[in-house]
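One-letter residues, chain by chain:
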Amino acid sequence: MDNKQKAPGVGRRTLLAAPAAAALVAGPAAALLAGGEAASAHEGGAAGGFDWQSPRFALAVLPDTQYLFDEDSSDPAPLEATFRYLKQERAEANIAFMTHLGDVTEHGSEHEIGLADQAFRLIDGKVPYSVLAGNHDIRGGDDQRGDSAYLRAFGPQRFAGTPTFGGASPDGYNSYHWLRAGGREWLVLALDWRISDRGITWAQGVIDAHPKLPVIVTTHDLVWAEDSGEAHLSDNGQRLWDRLIRKNDQVFLTLNGHYWPPGRTVLKNDAGHDVHAHITNYQDRYYGGAGMIRLYHFDMVRNVIDVETFSPWFLARDPAKRTPLEAETIELTGPIDRFSVDIDFDARFQGFAPVPPTAPRPPAAVVSRTTVAYWRFDSSGLSGTGGAGAPVPAGAIARDLTGNGNDLTLQRLHTSAPEVVTWSAEHHPGQPAHASLRFDGGKGPDRGAILRAGANAPINNMKFLTGYTIEVFVKLPDPFEGDHAWMGIFNWEGRNGDAGKTTGWSPLEPTCSLNISPERFLQFVVYPEKQDADPTSWSHALPTGRWMHLAVVNNASATTVYVDGSKIARNPTQPSTGICTMGRPFVVGANSFDLGYGQGFYGWIGDIRISPKALRPEQFLTPHGK
């Protein structure tokens, strides 16, 4: 490797033309190509405590280590410390794989390669990895150069027994690796620093043979960076981009070394999607980078990759004995070396690995003989629906699909326009029905719509002394416009003061309601049947633009509120048995006060289910914790 001042417009080695590639040199993962059972081999990836099904995992990236293997100046100790760290922390950091970006050694001599070979043996069979040749590891030429000390030590034979090894090009200098992590499968291409036309044809064949796998391309020379961290394609990188990367939408991330300083950029491929191109190299730093690594922490739930850069060798030192240069090289925390990359993985991979939509579940699948009430807004549960965006007419009936007679009738509040409630095909991905109602309630003037139980509905008088679970799917608009402080999601009408309750904010508020505060905190307040009390639960600020599953769970002694299967922090321990219903209607879409209504709900409401006992999260309408 060399620094960036030599990079733009200058080829490191003469590119040699090469004929078309021959067949793949296959490894264990090749069984997939023939429909074989390769998955069992990857269960071995659980060795060392790695959990491939966890939505959080790490990819370790190791750039140029050449100054640690420089003839009689060699010192493998930093790299050995890095490898010990990867072994020891594999379970804790859930490290799926390690990739070296080339220039393992300074001259590629038998002596240097032999020392590196011994160092890498520390992780053989412990942490799966890939290695590729940099310009300092070989004598020149492209991947058709033939035999070398590097190839004898780090060629396909080294990885033949590794479960993640997929195969190599006939020349042995390019390889691919198939891994399972984050509950899905991935492909890593490790390409020679000067891949030939034949090698590119081979790489395209690998991608074609795995059409549904996201691909990470690793090589030695692809982008270089300015001091600001802004990266650009090198001459060789432009060739790889034009010939391989840009036309393969599966490639979403590229990693290379060779140049310094580090940096990154985002390129647009032919499909119009982002390709994140990163250069990482620390050989110019103290002790040749001291075996410094990057950990790319993938979080499939948060849709982000968090990146950190540090030296395990210095990290392991006694802090009191670290020299000044050691202390300043332990960890790099600037924006170029510690950062996050936002990637909506499902959306980014939709073009080649679409997530199959979940089918609606019929009412019978979510209703038991004890379910009190269940409402949904598709054709099975709501009368008078039109197409998406069509107003729902006043008087439309949301049927109680338990057959218990708790039907809800739509009413507009005040002089609200028909568009104050419309039908929508939007829904939570885990919701049984693929439909919802879009409410456009608000203030100034008050407007909205409600779904109200009939005067003789059984739910109006139920006391729930053995507990209850009330579930509802909601989504708040983004942007969240206007004043919607204290809008209600549901309530049981009836003034708590009329029931003899004395503890609440006002004797005129209803005996049970689920509301949203000015800060978008969820508030559940209940006046229990058995106690003169008003135990109130408070959530965090609810997000906008995202569907949520809300659950209020009471076990006949206390109430716990869940958001997306997660228990909120402020659940009262105050005793709470039953709901002090007063024979007045259960209502969805607003919160009453003194038996009247002001504003209505603003957002989407989906399926609603009420059960007469405390359910566990794995029993919710969208199961959590299974």
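This report concerns the structure included in the present document. The structure presented is a predicted model; accordingly, all values stated were derived computationally and were not measured. (Residues numbered from 1 in each chain as written. Predicted model: local features only at pLDDT ≥ 70, side-chain atom pairs only at ≥ 80, totals over all residues. Heavy atoms only, no water.)

1. Structural notes on the layout of surface pockets
As a volume, the largest pocket reaches approximately 1100 Å³. Forming the boundary of the largest pocket are 27 residues, of which Met300, Val301, Asn303, Asp346 and Pro429 lie nearest the centre. Taken together, 20 residues form the lining of the second largest pocket, with Trp486, Trp505, Glu509, Asn591 and Phe593 sitting closest to its centre. With three residues, the top contributor of residues to the lining of the second largest pocket is strand S26 (residues 510-516). (1 Å grid on protein atoms, 1.4 Å probe; cavity = no way out; pocket = protein on both sides within 12 Å on 5 of 7 lines; lining within 4 Å. Points joined across faces, edges and corners; volume = space filled by probe spheres on them. Helix = DSSP H or I, 4+ residues; strand = E, 2+ residues; numbered from the N terminus.)

2. Description of the environment of threonine 385
Within the secondary structure, threonine 385 is located in the loop between strand S18 (373-375) and strand S19 (397-398). For the pair threonine 385 and isoleucine 397, spaced twelve residues apart in sequence, the C-alpha to C-alpha distance is 9.9 Å. The contacts of threonine 385, once residues within four sequence positions are left out, are Phe377 and Trp423. (Contact = heavy atoms within 4.5 Å.)

3. Brief notes about a nonpolar patch on the surface
On the surface, Trp505, Leu508 and Phe593 cluster together into a nonpolar patch covering about 340 Å² of accessible area. Residue placement: leucine 508 occurs in the loop between strand S25 (487-495) and S26. (Patch = residues over 30% accessible without salt bridge, like charges linked within 9 Å, V, L, I, M, F, W, Y side chains within 5 Å. Areas by Shrake-Rupley, 256 points an atom, 1.4 Å probe, with all protein chains shown as cover. Salt bridge = Lys/Arg side-chain N within 4 Å of Asp/Glu carboxyl O.)

4. Here's the deal with helix H4 (residues 110-120)
Listing the buried residues of H4 in full gives Glu112, Ile113, Ala116, Asp117, Ala119 and Phe120. The buried residues of H4 occupy an angular sector of 160 degrees when projected down its axis, which confines them to one face. (Buried < 20%, exposed > 50% of the residue type's maximum accessible area, 1.4 Å probe, protein only. Arc of directions from axis to C-beta.)

5. Some remarks on the packing of aromatic side chains
If you walk through the whole model with that rule in mind, you get 34 aromatic pairs. For the ring pair phenylalanine 120 and phenylalanine 154, a centre distance of 5.1 Å and an interplane angle of 75 degrees mean the geometry is edge-to-face. Pair noted here: phenylalanine 120 is in helix H4 and phenylalanine 154 is in helix H5 (residues 149-154), with a separation of 34 residues, a long-range link. Residues phenylalanine 120 and phenylalanine 154 agree in their burial class; the two are buried. Just above the ring of phenylalanine 480 sits the side chain of arginine 520; from NZ or CZ to the centre is 5.9 Å. (Phe/Tyr/Trp six-rings, centres within 6.5 Å; stacked < 30°, edge-to-face > 60°. Lys NZ or Arg CZ within 6 Å of the ring centre and 35° of its normal.)

6. Some points on the packing of helix H7 (residues 197-209) against helix H8 (residues 235-245)
At a minimum axis separation of 10 Å, H7 and H8 run at an interaxial angle of 40 degrees. Put simply, H7 runs oblique to H8. Regarding H7 and H8, the two cross each other, and that crossing is right-handed. Residue-level contacts link Asp197, Ile200, Ala203, Gln204 and Ile207 of H7 to Arg239, Arg243 and Leu244 of H8. In the contact of H7 with H8, the residues fall into four nonpolar, one polar and three charged. (Axes fitted to C-alpha atoms, helices over the stretch in contact; angles between N-to-C directions. Parallel < 35°, antiparallel > 145°, perpendicular 65-115°, else oblique. Left-handed = near helix turned anticlockwise from the far one by under 90°. Nonpolar A, V, L, I, M, F, W, Y, C, P; charged D, E, K, R; others polar.)

7. Looking at the pattern of salt bridges
Going through the model one piece at a time under the given rule, you end up with 31 salt bridges. For arginine 158, the salt bridge is made with aspartate 117, and the minimal N-O distance between the two is 2.7 Å. Of this pair, arginine 158 sits in helix H6 (residues 156-159) while aspartate 117 is found in helix H4, placing the two residues 41 residues apart along the sequence. Here lysine 268 makes a salt bridge to aspartate 274, at a shortest N to O gap of 2.6 Å. Lysine 268 gets classed as exposed once you look at its relative accessible area, which sits at 52%. A network of salt bridges, in which partner residues are shared, links Arg56, Asp299, Arg302 and Asp306.

8. What to know about the side chain of arginine 158
Residue arginine 158 is classed as buried on the basis of its relative accessible area of 16%. Within the structure, arginine 158 has its side chain in polar contact with the side chain of aspartate 117 (distance 2.7 Å). A distance of 3.2 Å separates the side chain of arginine 158 from the side chain of aspartate 124, its partner in a polar contact. In contact with arginine 158, not counting residues within four places along its chain, are Asp117, Phe120, Arg121, Asp124, Tyr129 and Ala153. (Polar contact = N/O pair within 3.5 Å; in protein donor to acceptor, adjacent residues only side chain to side chain.)

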